[in-house]
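# Structural characterization, general
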Amino acid sequence: MPPKMRDRSHDLCLLGQPVVRASDTGRTVRFGRNKAIGLLALLATRPKRPILRQEIAGFLWSESSEPAARTSLRQVVHTIRAELGPEALVSVDENTLAIDPDLLRADVSAFTEYAASAGIADLELAAALYRGPFLDGFDLNDDAFDTWLIAERRHLEAQALSVLGRLTDHYRRASRIEDALNSADLALRIDPLQEDIHRQIIELHVASGALCEARKHAEHCRDLIRSELGVDPEPDTFRALDDPSLVHPPAPRSARSVHQTIRHVTAGDGTSIACGIIGHGPTLLKTPNWMTHLAFEEHSPVWRHFLEFFSEAHRFVRYDQRGNGLSDWDCPDISFDSFRIDLDAVVDAIVDEPAVVLGISQGAPIAVDLAVRRPERVRGLILLGGFVTGMARRGDDAREASEAVDRLIRFGWGRDNPSLRMLYTSSLIPGGSKRQMDWYNEMMRIGTSPENAVRIRHALSHIDISDLLAQVRVPTLVCHAIGDRISPLAEGERLAREIPNARLVPLDSDNHIPLENERAWTTFSMEARHFLGSGLHPSTHGRRNVKASS
């Protein structure tokens, strides 16, 4: 009997206006049902994980009864198989669906893979694949699907901005000014209000001697920011026009290139966790804080100095916790227990030696928990702005305030107006510049969905590691801002008091995250450098308090 012929392959073009084409002839496939495109898009964004039919029905027919939704799903599956071939959609079992990636080649899957690479050729392929917003102009008028679509679109936009930012930096270092300008222009098409990109374009024009073009773009930037945001751009945006010699200064240490490799590991419940690896040397593992985005943080005015400092002499490993960033947003559980299994998956797959663990904010209790559960995998702890009990566990008043914040997040997280997110940012980095606050606002907007933001915050606000502190058996450095509005200094003092062999360093700052231009960062980085060197030895790590930086 001759071998069975496989179905013809098709290309799923989902970045930009959605189109399905036969790979060999280029013929456009028209389904007559928008839900067919919606189903293919859902499956294409999770190419390695089958999706439950019940879950798909809930996304595409959220207002229908369950029997009606399942009937509609069967009809759409039949339509797709009739047009693309019976093997295009596969069923691992009768309750799940997935696409065959050999027969249905989705641009969004290839884009995500190339965007995670450190190679310039792969980044250029990713940039070429990003033709526009995910499912541009597509709408099913179904609340559940549309909410997912908005979140997925922002997620991919952030990846595209990261790709274009890395390409712009590479082209600029290679003196490929035209290519750098093209990449920066593409980034502005995605987000026209990013002042960093406008500044880069002005500097590129100045570097090439095109002062007229630089002034023209500066005027365009000033008019746009004033019109859309009602404020003037930051003075740094136009610094190259005031002093062109600033365009080609010798690169300081803080401007060194950071090359990140992104890998995905699978947690015990099937959730995909994105991990970023920078640098070489002994492993330094950072547990996630409140909200992270591996790709978007690469050029962050809030986090960049952390990446540079901790990857100088270490293999710096970070990961996005479930529900945000580049990790799976659609996950069955978001709780402290789920944070544990995410961390275990990262440690088992990527950390091949006992590591120092950096825990910032909510990452501190997660790091402490690991040191107690798996002491053979932890050499030491650096805890910054950490806490023992979450906000909802600090008394009735704090619990009511925590619940009020949850309601605000649910109402205003994903809206274009950043005022509600700004309430959080202004407490997180009250000493931050407009550029830093704008970046953090935008990161929170694109980093997760309103529903996941509430789920994550609810989980962290109910953390309580009181019974674990005395069980820690590794040297511990505790640093905490005196005026921290997110995690009171008393929480850091308790960590240092109740963890054996811990040392407290108060930081003279109101910022939950030390910013690069403040003395608190100098103090923290000096203490961390000492700890990572001789401070890990019990004989040199005494229980003393260091005076706040001044």
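Please refer to the structure placed before this passage.
Residues numbered from 1 in each chain as written. Predicted model: local features only at pLDDT ≥ 70, side-chain atom pairs only at ≥ 80, totals over all residues. Heavy atoms only, no water.

## Some thoughts on the sheet that holds strand β2 (residues 19–22)
Counted only if it meets this: Any two strands between which DSSP finds at least two bridges are classified as paired. Where helices and strands are cited, they refer to DSSP runs of H or I of at least four residues and of E of at least two residues respectively, numbered from the N terminus. Axis geometry follows a simple rule: fit a line to the C-alpha atoms, using only the stretch in contact for helices, then measure angles between N-to-C directions, giving values from 0 to 180 degrees.
With mixed pairing, the three strands of this open sheet are ordered in space as β2-β1-β6. Lying at the two open borders of the sheet, with one neighbouring strand each, are β2 and β6 (104–106). Across the sheet, the mean angle separating the axes of adjacent strands is 25° when strand polarity is ignored. Summarising the sheet, strand β1 (residues 10–13) and β2 pair through four bridges and their orientation is antiparallel. Bridge pairing links aspartate 11 to arginine 21 in β2.

## Remarks on the environment of isoleucine 482
With respect to the helices and strands, isoleucine 482 occurs in the loop between β13 (476–481) and α18 (489–498). Through-space distance from the C-alpha of isoleucine 482 to that of serine 509 is 6.0 Å; in sequence the pair is 27 residues apart.

## Digging into the packing of helix α2 (residues 53–60) against helix α6 (residues 143–173)
As a reminder, the rule being used: In this scheme, roughly parallel covers angles under 35 degrees and roughly antiparallel covers those over 145, while 65 to 115 is roughly perpendicular and the rest are oblique. In what follows, a contact means two residues having at least one pair of non-hydrogen atoms within 4.5 Å. Ten residue types, Ala, Val, Leu, Ile, Met, Phe, Trp, Tyr, Cys and Pro, are classed as nonpolar, four, Asp, Glu, Lys and Arg, as charged, and the remainder, Gly among them, as polar.
One way to put it is that α2 packs onto α6 with a least axis distance of 5 Å and a crossing angle of 95°. Considering their axes alone, α2 and α6 lie roughly perpendicular with respect to each other. Residue-level inspection shows Gly58, Phe59 and Leu60 of α2 in contact with α6, the latter providing Ala144, Phe145 and Trp148. Taken together, the residues that form the contact of α2 with α6 break down as five nonpolar, one polar and no charged.

## Let's talk about the side chain of histidine 205
Rules: Burial classes follow relative accessibility: with a 1.4 Å probe on protein chains only, a residue under 20% of its type's maximum area counts as buried, one over 50% as exposed, and anything between as partly exposed.
You can see histidine 205 is positioned in helix α8 (residues 195–207). Residue histidine 205 is classed as buried on the basis of its relative accessible area, which comes to 13%. The contacts of histidine 205, once residues within four sequence positions are left out, are Leu181, Ala210, Leu211, Glu213 and Ala214.

## Brief notes about the packing of aromatic side chains
Rules: Any two of the Phe, Tyr and Trp rings considered here, Trp counted by its six-membered ring, make a pair once their centres fall within 6.5 Å; the pair's planes then place it as stacked at under 30 degrees, edge-to-face at over 60, or tilted in between. Only when the NZ of Lys or the CZ of Arg is both within 6 Å of the ring centre and within 35 degrees of the ring normal is a charge said to sit over the ring.
Counted under the stated rule, the structure contains 16 aromatic pairs. Note on tryptophan 439 and tyrosine 440: the rings are 5.8 Å apart at their centroids and 75° apart in plane angle, and the pair reads as edge-to-face. By the burial criterion, tryptophan 439 is buried, and tyrosine 440 matches it. Put simply, the rings of Trp303, Phe306, Phe309, Phe310, Phe316, Trp521 and Phe524 pair up and form one aromatic cluster. Here lysine 286 stacks its cationic end above the ring of tryptophan 303, 5.5 Å away from the centre of that ring. Its guanidinium or amino end placed over the ring of phenylalanine 387, arginine 394 lies 5.6 Å from that ring's centre, counting from NZ or CZ.

## Notes on the packing of helix α12 (residues 336–350) against helix α13 (residues 363–373)
Short version of the rule: Should the near helix be turned anticlockwise from the far one by less than a right angle, the crossing is left-handed, and should it be turned clockwise, the crossing is right-handed.
Packing of α12 against α13 brings their axes to within 10 Å, and their N-to-C directions diverge by 65°. As the angle between them shows, α12 and α13 are arranged roughly perpendicular. The handedness of the crossing between α12 and α13 is right-handed. Residues Phe336, Phe339, Arg340, Leu343, Asp344 and Val347 of α12 form the contact with α13, whose participating residues are Pro365, Ile366, Asp369, Leu370 and Arg373. Looking at side-chain class alone, the contact of α12 with α13 contains seven nonpolar, no polar and four charged residues.

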